[in-house]
Amino acid sequence: MRYLEVRKGRIEIIPMIDIMLFLLVFFIMITLRMIPATGIASQLPQSSTAQDLPHPKIVVTLFADGAIETDGQKLTIDDLTAKLAAEPDREHAAVTIAGAGTTTLQNLLAVMDACRKAGIVQVGLAAKDAK
């Protein structure tokens, strides 16, 4: 007569744990993709007198081929000048140029001239400590 008894439903917890772990991993992977890149790998020049500076408002990346990037956008010299000129507090804005170690001096001076034309007076160069 045991087969006539009403059986209670059981909740299997193991498959639910598997699904929850899958969802956790999925959301972590999506969240990591949503975090913007905080930097790029570049070969900074070295300096034995490099100093730590406060975090700059604007970082301009200068690649070895002369390409310019800021905030993840590739720019021309004229676009960079226009973007810097549109800064609301240009007099106090700090620009740091993170150039590749193999970039030419002409490319560096072009970026510095763009900063000056835009009215930026605080320009720094990023370098690795040679220690």
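Residues numbered from 1 in each chain as written. Predicted model: local features only at pLDDT ≥ 70, side-chain atom pairs only at ≥ 80, totals over all residues. Heavy atoms only, no water.

**Here's the deal with the nonpolar core**
Item 1. Val60, Leu80, Leu84, Val95, Val111 and Ile120 are the most contacted members of the largest nonpolar core, which totals 16 residues.
Item 2. When residues of this core are assigned to their parent elements, the largest contribution, five residues, is made by helix 3 (residues 105-118).
Item 3. Other than its neighbours up to four places away in sequence, valine 111 contacts Val60, Leu62, Ile68, Ile77, Leu80 and Ile97. (Core = buried A, V, L, I, M, F, W, Y, C linked by side-chain atoms within 4.5 Å. Buried < 20%, exposed > 50% of the residue type's maximum accessible area, 1.4 Å probe, protein only. Helix = DSSP H or I, 4+ residues; strand = E, 2+ residues; numbered from the N terminus. Contact = heavy atoms within 4.5 Å.)

**Quick word on the sheet that holds strand 5 (residues 94-99)**
Item 1. Spatially, the five strands line up as an open sheet ordered 4-3-2-5-6, and their pairing is mixed. Of all strands in the sheet, those with a lone pairing partner are strand 4 (73-75) and strand 6 (122-125), marking the two edges. Ignoring strand direction, the axes of neighbouring strands in this sheet form an average angle of 30°.
Item 2. Sheet analysis places strand 2 (residues 58-62) next to strand 3 (residues 68-70), joined by two bridges and oriented antiparallel. Counterpart to leucine 62 in the pairing with strand 3 is isoleucine 68.
Item 3. Where helix 2 (residues 77-85) meets the sheet, it contacts strand 2, strand 3, strand 4 and strand 5, and its direction lies at approximately 115° from that of strand 4. (Pairing = 2+ DSSP bridges. Axes fitted to C-alpha atoms, helices over the stretch in contact; angles between N-to-C directions.)

**Considering unusual backbone geometry**
Item 1. Phi is positive for aspartate 71, close to 55°, though the residue is something other than glycine.
Item 2. Tracing the backbone through its elements, the reader meets aspartate 71 in the loop between strand 3 and strand 4.

**Quick notes on the pairing of strand 2**
Item 1. For strand 2, a buried count of four out of five residues is recorded, marking the element as mostly surrounded by other parts of the structure.
Item 2. As paired elements, strand 2 and strand 5 share five bridges and run parallel to each other. Within strand 5, the residue paired with valine 59 across the bridge is threonine 96.
Item 3. Connecting strand 2 to the antiparallel partner strand 3 that follows it, the hairpin turn spans five residues, and glycine 66 within it adopts a positive phi of roughly 95°.

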